[in-house]
There are 2 protein chains.
Amino acid sequence: MNLGHTKGTDMLESKECPDCKRINEVLTRVGDRWSLLVIISLSEYGTLRFNELKRNLGISQRMLSLTLKKLERDGLVHRTYHPTIPPKVEYKLTQMGKSFREPVSAIGSWALDNLIKIDKAREKYDVTVGS
Amino acid sequence: MNLGHTKGTDMLESKECPDCKRINEVLTRVGDRWSLLVIISLSEYGTLRFNELKRNLGISQRMLSLTLKKLERDGLVHRTYHPTIPPKVEYKLTQMGKSFREPVSAIGSWALDNLIKIDKAREKYDVTVGS
DNA sequence: CCGTATCCGATCAGATACTG
DNA sequence: CAGTATCTGATCGGATACGG
């Protein structure tokens, strides 16, 4: 893949990777664990209520509230408030949120595929270092 | 996409999303910002020395050291020590690290493509809330 | 049901100083 | 050059209590 930076003879002379700075920015915004998990959940189920997400993820009320507000602000999640009694609030992905699904799912799938490998590598490393 | 969990009539009745718990685990390990940026850098340049990474990412010495050790332990990065004077240490992706390249690059590309959109959504949100 | 407010411990992450 | 050690502030994140 190509993230768009300049490759060439000055490859290692650049003071800083410009893309990394920008990627860093975005990761700071939507790259935290809870955001990714909320995105994954919504991409799986389509629409979820506040407490459904809470139960699904095992996230605290506080973190879910903060995460959802942030995702809504960033335009990744749409919030629908139904002023019934008791109130009902539904969350779903926006267009941009949906476009985020693919890369996030790629991470998720890789995660599921490599958890065991990581555990083994870690075990091996610890034995080697411990000797 | 399908992360492998059971879909069906009990979709919303499951107490917790089992995949989310496992994905959460992996994200806890290799999902932090510095790890992702190191992976991206190494996938771009192939092999980098400690200070090259440091300059590229604008990361502090401490965090880079911790991040690299963690990635090496998890089997994603390979470390080669050349006992010269001055010493020279090179880092590159392992096979598993390379397999992580694709999903991580997908995140990176999406990030570069959507930074501006996020900024606009945020601006719009702030105006709406502020009124 | 859907949050917000507060408190508090745990972890993150930079700055600085030091070693082989 | 390639780290480690220590200190310190910032942020994360759970628990609890409360309100619309």
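Residues numbered from 1 in each chain as written. Chains lettered and ligands numbered in written order. Predicted model: local features only at pLDDT ≥ 70, side-chain atom pairs only at ≥ 80, totals over all residues. Heavy atoms only, no water.

Undergrad: Outline the UniProt feature "domain: HTH hxlR-type" (unreviewed entry) in chain A, listing residues and values.
TA: According to UniProt, the "domain: HTH hxlR-type" (unreviewed entry) feature falls on residues 17–119 of chain A. Each end of residues 17–119 of chain A is marked by a C-alpha atom, and these two atoms are 31 Å apart; helix forms 70% of the span and strand 15%. (UniProt positions renumbered as here; feature names shortened; annotations may be inferred. Helix = DSSP H or I, 4+ residues; strand = E, 2+ residues; numbered from the N terminus.)

Undergrad: Outline the interface of chain A and chain B, supporting the account with residue identities and numerical values.
TA: Residue-level contacts link 65 residues of chain A with 63 residues of chain B. Interface of chain A and chain B: buried area, both sides summed, is about 6,400 Å²; carbon and sulfur atoms make up 64% of it. The three residues of chain A that bury the most area against chain B are Arg73, Trp110 and Leu112 of chain A, which together make up 12% of that side's buried surface. Here Asp126 of chain A ties to Arg73 of chain B by a salt bridge, and the two come within 2.8 Å at their closest N and O atoms. Looking at the side of chain A that touches chain B, the elements that each hand over two or more residues are helix H1 (18–30), helix H2 (33–45), helix H3 (50–57), helix H4 (61–73) and helix H5 (95–130) of chain A. Here the element with the most residues in the side of chain A that touches chain B is H5 of chain A; it accounts for 22 residues. (Contact = heavy atoms within 4.5 Å. Buried area = accessible area lost by both parts, 1.4 Å probe. Salt bridge = Lys/Arg side-chain N within 4 Å of Asp/Glu carboxyl O.)

Undergrad: Which residues make up the pairing of strand S2 (residues 77–82) of chain A, and what values go with them?
TA: Residue and element names in this part refer to chain A. Pairing geometry for S2 and strand S3 (residues 88–93), over six bridges, is antiparallel. Counted as the bridge partner of Val77 is Leu93 from S3. The turn joining S2 and S3, which pair antiparallel and follow one another in sequence, is formed by five residues. (Pairing = 2+ DSSP bridges.)

Undergrad: Outline the protein's contact with DNA strand D, supporting the account with residue identities and numerical values.
TA: Around DNA strand D sit 19 residues in total, of which Arg62 of chain A together with Gln61, Ser65, Arg79 and Tyr91 of chain B are the nearest. A share of 63% is what sugar and phosphate atoms reach among the atoms of DNA strand D within 4 Å of the protein. Between Pro87 of chain B and DNA strand D, the recorded distance is 3.4 Å, taken from a backbone N or O atom to a sugar or linking oxygen. Put simply, the parts of the chain that give the surface near DNA strand D at least two residues each are H2 and H4 of chain A together with helix H3 (50–57), helix H4 (61–73) and strand S3 (88–93) of chain B. In terms of residues, the surface near DNA strand D owes the most to one element, H4 of chain B, which gives four residues. When the residues that make up the surface near DNA strand D are grouped by side-chain class, the tally is eight nonpolar, four polar and seven charged. (Near = heavy atom within 4 Å. Polar contact = N/O pair within 3.5 Å; in protein donor to acceptor, adjacent residues only side chain to side chain. Nonpolar A, V, L, I, M, F, W, Y, C, P; charged D, E, K, R; others polar.)

Undergrad: Now, about the packing of aromatic side chains: what can you tell me, with residues and values included?
TA: Here the structure, examined in full by the defined rule, presents two aromatic pairs over all chains. Their ring planes at 35° and their centres at 4.0 Å tell us that Trp110 of chain A and Phe100 of chain B sit as a pair that is tilted. Of this pair, Trp110 of chain A sits in helix H5 while Phe100 of chain B sits in helix H5 (residues 95–130), on two different chains. (Phe/Tyr/Trp six-rings, centres within 6.5 Å; stacked < 30°, edge-to-face > 60°.)

Undergrad: Lay out the confidence of the model for chain A in plain terms, naming residues and giving numbers.
TA: Mean pLDDT over chain A: 83, with 86% of residues reaching 70 or higher. Confidence drops under pLDDT 50 across residues 1–14 of chain A; counting only partners more than four residues distant or on other chains, this segment forms 23 contacts. (pLDDT = per-residue confidence, 0-100.)

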